Amino acid sequence: MAEIVFGFGTSHSPLLSTPPDKWHLRVEADKKNPSLEYRGKSYVYDQLVELRKDEKLDHQSSLPIRTERHTACQHSIEQLGTKLEQMDPDILIIIGNDQREVFNENNTPAISMLYGDTVDHMSISPERIAKMPPGIGIAAQGTSAAEDTTYPIDSEFSSHVISSLMAENFDIHAMKSLPDGPKGPRGMSHAYGFIYRRLMQMPIPAIHVCLNTFYPPNQPSAARCVALGEAIGRAVAAYPKDYRVAVCGSGGLTHFVIDEEFDKGVIEGLINLDMDILSALPEDYLRSGTSEIKNWITTAAILKGSGLKINMQDYIPCYRSEAGTGNAMGFMTWE
Ligand SMILES: [Fe+2]
């Protein structure tokens, strides 16, 4: 029977692939953002600067601190890549999300899975990078492919998981291949691209589970993600081949406004695989980029029955502005 032998979570932020002296390029976008989500409310940049003025975030976002934390993140990413290579699983289940790279407003499934034999990881041309917003083009190399590459999906295993979930009353949007994105064919979303580009040394047959964490009105709730993860765990345990399975949650933690206190609670739930904590996380906090924590919640629920325990746990809040914008990075393994 298939067995879960390794779990990990990783942030996949553009900042991880952006030199710290260029992080300010995204601050201009922060200043124009009409809805920076923080603790269940929407703010504009200047309101957050005022609200958080006592936290000394100008120091936290200074270049020396940015550089220190960026270096620490690179170390964590290297460690994750090494551990994944050492574990050498037969299958990697990746829980991720889409950010209007594959799905558009007319087609945004709450939970979708691939069941074809392959998935494309595409490169981005220098011309296209040049047209991207400041700070995004520079980071694109961290999630896009160096050159167009096709990776294996375990169609049989994925179909088994989809059928098992359907039998447990989860209605899964099934895709033989990914649709063309709103801006044309793009291959996998960056939540997956980061894993392939930065962590996977050798191609590992994968199962992609995609959650609509971001976009109203059909985001699965935290409690639903717990139920989904538990059901995926049961589907894996029921699979007849003796596969060694790894599971990965991609994204998070709080962003684009960092909230260390909220992350603390999330991390407590993740470390202890405590589904009571994770399923009770307030929905109005899990908005915007922070919603990607749901990828970790689902992962934790899959791992719950595996007997694996937390091993590595790195938390690195990467502030890019005095308003508290940036991305709190999480890197964890369960072994
Ligand atoms: Fe993301």
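Look a little higher up for the structure.
None of these values were measured; they are calculated from a predicted model. (Residues numbered from 1 in each chain as written. Predicted model: local features only at pLDDT ≥ 70, side-chain atom pairs only at ≥ 80, totals over all residues. Heavy atoms only, no water.)

## Let's talk about the pattern of salt bridges
Side-chain pairs of opposite charge can arise where the charged atoms are in close proximity. This model, assessed by the stated rule, comprises 12 salt bridges. Ionic pairing is found between Lys22 and Asp21, a salt bridge with its closest N-O pair at 4.0 Å. By relative accessible area, which is 31% here, Lys22 ends up partly exposed. Taking relative accessible area as the criterion, Asp21 reaches 41% and is therefore assigned partly exposed. (Salt bridge = Lys/Arg side-chain N within 4 Å of Asp/Glu carboxyl O. Buried < 20%, exposed > 50% of the residue type's maximum accessible area, 1.4 Å probe, protein only.)

## Looking at helix H4 (residues 63-87)
Along an α-helix, residues three or four apart share an orientation, since each turn contains 3.6 residues. Its 25 residues give H4 an end-to-end C-alpha distance of 36 Å, which sits within 8% of 36 Å, the value for a rise of 1.5 Å per residue. Within H4, the full set of buried residues consists of Ile65, Arg66, Arg69, His70, Cys73, Gln74, Ser76, Ile77, Leu80, Gly81, Lys83 and Leu84. Check the buried side of H4 and you find it contacts strand E1 (3-10), helix H3 (57-60), helix H7 (190-199), strand E12 (310-319) and strand E13 (325-334). Among the residues trailing H4, Asp88 stands out with phi positive, at a value near 45 degrees. (Helix = DSSP H or I, 4+ residues; strand = E, 2+ residues; numbered from the N terminus. Expected span 1.5 Å × (residues − 1). Contact = heavy atoms within 4.5 Å.)

## Some details on the nonpolar core
In this structure, Ile93, Phe157, Leu165, Val209, Ile232 and Val245 are the most contacted members of the largest nonpolar core, which totals 52 residues. Setting aside chain neighbours within four positions, we find Leu165 in contact with Met113, Phe170, Ile172, Leu228, Ala231 and Ile232. Counting 37 residues, the second largest nonpolar core, distinct from the first, contains Leu92, Ile153, Tyr196 and Cys210. (Core = buried A, V, L, I, M, F, W, Y, C linked by side-chain atoms within 4.5 Å.)

So, to be careful, I would describe these as geometric facts and stop short of saying anything about function.
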